[in-house]
Amino acid sequence: MGKETEGMQEMQKVGIKERRIPVLYLVVPCYNEEEVVEKSAQVLGDKIRRLTRAGQIAAGSKVMFVNDGSKDDTLRLLHRIASQDTLFSVISLAGNYGHQSAILAGMMTARRYADAVVTIDADLQQDIEALDRFLESYMAGSEVVYGVRNDRRSDGIFKKGTATLYYNLLHLLGSKVITNHADYRLMSKKALDALAEYKETNLFLRGLIPTMGFPSDVVYFDVKAREAGHSKYTLSKMVTLATDGITSMSTRPLRMISALGFIVFVFSFVMSIISLVDWARGNNVPGYTTTMIVSLLIGGVTLLSLGIIGEYVGKIYMEAKHRPRYIIDTFVWKEDNEADDKEERTK
């Protein structure tokens, strides 16, 4: 295990009561996943049934799909799946609120019915068979179990390099984010109830959840190829998530700006003394190169600093609005073949 997992395993806990077999909900965010959603329902539903028959989870466990404002045929397919089998339920958000908000919407809804919730992507790249080890860790006392990929061999050179750089940067800035952990995780109802107390609009669950302090564990798994379709995480979305991860979990960039400003001030002060000494000695220094270097350096540092500060000001601006992180348009949840449809829920 890496350094970020040190101290996370607290499996020998004093005073923890033996847990009952949990009602488990799988929360699956979907955005334009019409190519894979039926296959995903088949695989996830089969896994839930096998776990139930094996006595690892209780009756009433479900797969909960969250439609994050899909523009294709995803929602119609999900409604058809839910209408044919009570094992599946569907939340449809009023618009596209983003991956993190879709996950949160599913978790906050599922915690009303489940003892434990696992979030997993619809593309089936995350190994569903790792659920057995998630549940073993949960039964041993973990409130949060993180799924961590064994390696990044399936990624291209660019993505692998930028991911490594990004995690190193986050750790340098003091974030507790776990290397190579996306959003494949198990959370107990206790942990979800605690997460509900966090009200920030700018969500970065990968960094936020490890700060909660609950007994945790890590389960490693191999990443598989996508069953169908293509990734909806574009470069711009990944950059946005990366920026949110840095600005939402650390103020060190602001402190680095202060340090950089001090260094530039000292440099400028020294250059000013040198220039004055040369002038006093009567040296005829053209100074074009020096002037250009100093001007570009100070200008570049100033603009970079303003950009970083602007990111934080923008986050403050969005938090001050207190807008809902998501709006649920429709919620289809069935038990014993009786529909209980709930509409227009706002969180």
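Keep in mind it's a predicted model, so treat the numbers as computed, not measured.

Draft legend 1. Molecular detail of the overall build of the protein chain. Looking only at helices and strands, one finds 10 helices and 11 strands in the protein chain. The 347 residues of the protein chain split such that 44% are buried. Put simply, of all contacts in the protein chain between residues at least 6 apart along the chain, 81% involve residues at least 24 apart.

Draft legend 2. Seen up close, the packing of aromatic side chains. Considering all chains together, one arrives at six aromatic pairs under this definition. An angle of 25 degrees between the planes, with centres 6.1 Å apart, marks the rings of Phe65 and Phe88 as stacked. Of this pair, Phe65 sits in strand S2 (residues 62-67) while Phe88 sits in strand S3 (residues 88-93); the two residues are 23 residues apart in sequence, bridging distant segments of the chain. Assigned by exposure class, Phe65 and Phe88 land together as buried. Connected via pairs of aromatic rings, a cluster forms that spans Tyr25, Tyr113, Phe331 and Trp333.

Draft legend 3. Molecular detail of the nonpolar core. By size, the foremost hydrophobic cluster in this structure holds 37 residues, and its most contacted members are Met107, Met187 and Leu195. Broken down by secondary-structure element, the contributors of at least two residues to this core are strand S1 (24-30), S2, S3, helix H3 (99-110), strand S5 (144-149), helix H6 (189-195), helix H7 (205-208) and strand S8 (327-332). Among residues more than four places away in sequence, those in contact with Leu195 are Leu104, Met107, Met108, Met187, Leu205, Leu208, Ile209 and Met212. Counting 36 residues, the second largest nonpolar core, distinct from the first, contains Leu24, Ala130, Tyr184 and Phe221.

Draft legend 4. Quick look at helix H1 (residues 37-53). For H1, built from 17 residues, the straight-helix expectation of 24 Å at 1.5 Å per residue is met to within 8% by its first-to-last C-alpha distance of 24 Å. Where H1 is buried, its residues contact S1, S2, helix H2 (74-84), S3 and helix H4 (131-139). Of the residues flanking the end of H1, it is Gly55, one or two places downstream, whose phi is positive at about 80 degrees.

Draft legend 5. Representation of the confidence of the model for the protein chain. Overall, the prediction assigns the protein chain a mean pLDDT of 80, with 75% of residues at 70 or greater. Across residues 1-16, where pLDDT falls below 50, the model places 28 contacts with residues more than four positions away in sequence or in other chains. The low-confidence segment residues 337-347, where pLDDT is below 50, has 27 contacts with residues more than four positions distant or belonging to other chains.

Draft legend 6. Quick peek at the pairing of strand S4 (residues 116-119). Burial along S4 is two-sided: Ala116 and Val118 and Val117 and Thr119, pointing in opposite directions, are all buried. Pairing of S1 with S4, which is carried by four bridges, proceeds in the parallel orientation. Along S4, the bridge assignment pairs Leu24 with Ala116.

Draft legend 7. Focus on the pattern of salt bridges. Taken as a whole and judged by the stated rule, the model has 13 salt bridges. Two residues, Asp193 and Lys189, come together in a salt bridge whose shortest N-O distance is 3.8 Å. Placement of the pair is Asp193 and Lys189 together in helix H6, with a separation of four residues, close to one helical turn. Under the relative-accessibility criterion, Asp193 is labelled partly exposed at 29%. A network of salt bridges, in which partner residues are shared, links Asp46, Lys47, Arg50, Glu129 and Asp132.

Draft legend 8. Up close: the environment of Val145. The topology assignment puts Val145 in strand S5. Assessed through its relative accessible area of 0%, Val145 is described here as buried. Sequence separation between Val145 and Val118 is 27 residues, and the spatial gap between their C-alpha atoms is 9.0 Å.

Draft legend 9. Fine view of the packing of H1 against H2. At their nearest, the axes of H1 and H2 sit 10 Å apart, and the two run at 30 degrees to each other. Considering the angle they form, H1 stands roughly parallel to H2. Every pair of crossing elements has a handedness; the one defined by H1 and H2 is right-handed. Between H1, through Val37, Glu38 and Ala41, and H2, the contact on the second element is made entirely by Leu77, Leu78, Arg80 and Ile81. For the contact of H1 with H2, the residue count by class is five nonpolar, no polar and two charged.

Draft legend 10. Inspection of H2 at higher detail. By the burial criterion, the buried members of H2 are Thr74, Leu77, Leu78, Ile81 and Ala82. Take H2 and look down its axis: the buried residues cluster within an arc of 135 degrees, on one side only. Tucked into the core, H2 has its buried residues touching S1, H1, S2, S3, S8 and strand S9 (334-335).

Conventions used here
- Per chain, residue numbering runs from 1 following the sequence as it is written.
- Only residues with pLDDT of at least 70 get local features here, since the model is predicted, and only at 80 or more are side-chain atom pairs given and counted; chain-wide, interface and lining totals rely on the full set of residues.
- To obtain the side-chain values, all non-hydrogen atoms of the structure were included, while hydrogens and water were left out.
- For the purposes of this entry, the term helix denotes a DSSP run of H or I that reaches at least four residues, the term strand denotes a run of E that reaches at least two, and both are numbered from the N terminus.
- To sort residues, take the accessible area from a 1.4 Å probe on protein chains only and compare it with the maximum for the residue type: under 20% means buried, over 50% means exposed, and anything in between is partly exposed.
- Two residues form a contact once any of their heavy atoms are found within 4.5 Å.
- Two rings from Phe, Tyr or Trp (for Trp, the six-membered ring) form a pair when their centres are within 6.5 Å of each other. A pair whose planes differ by under 30 degrees is stacked, one over 60 is edge-to-face, and the rest are tilted.
- In this description, a nonpolar core means a group of buried Ala, Val, Leu, Ile, Met, Phe, Trp, Tyr and Cys residues linked to one another through side-chain atoms lying within 4.5 Å.
- A helix's residues, less one, multiplied by 1.5 Å, set its expected span.
- Scored from 0 to 100, pLDDT reflects the predictor's confidence in each residue.
- A pair of strands is treated as paired once DSSP finds two or more bridges between them.
- Salt bridges are defined by distance alone: a side-chain nitrogen of Lys or Arg within 4 Å of a carboxyl oxygen of Asp or Glu.
- Only the stretch in contact is used when fitting a helix axis, every axis being a line fitted to C-alpha atoms; angles between N-to-C directions are given from 0 to 180 degrees.
- Note on angle classes: values under 35 degrees are labelled roughly parallel, values over 145 roughly antiparallel, values of 65 to 115 roughly perpendicular, and the remainder oblique.
- Crossing handedness follows the turn of the near helix against the far one: under a right angle anticlockwise gives a left-handed crossing, and clockwise gives a right-handed one.
- Residues are grouped as follows: nonpolar covers Ala, Val, Leu, Ile, Met, Phe, Trp, Tyr, Cys and Pro; charged covers Asp, Glu, Lys and Arg; every other residue, Gly included, is treated as polar.
- Think of it as the arc spanned by the lines of direction from the helix axis to the C-beta atoms.

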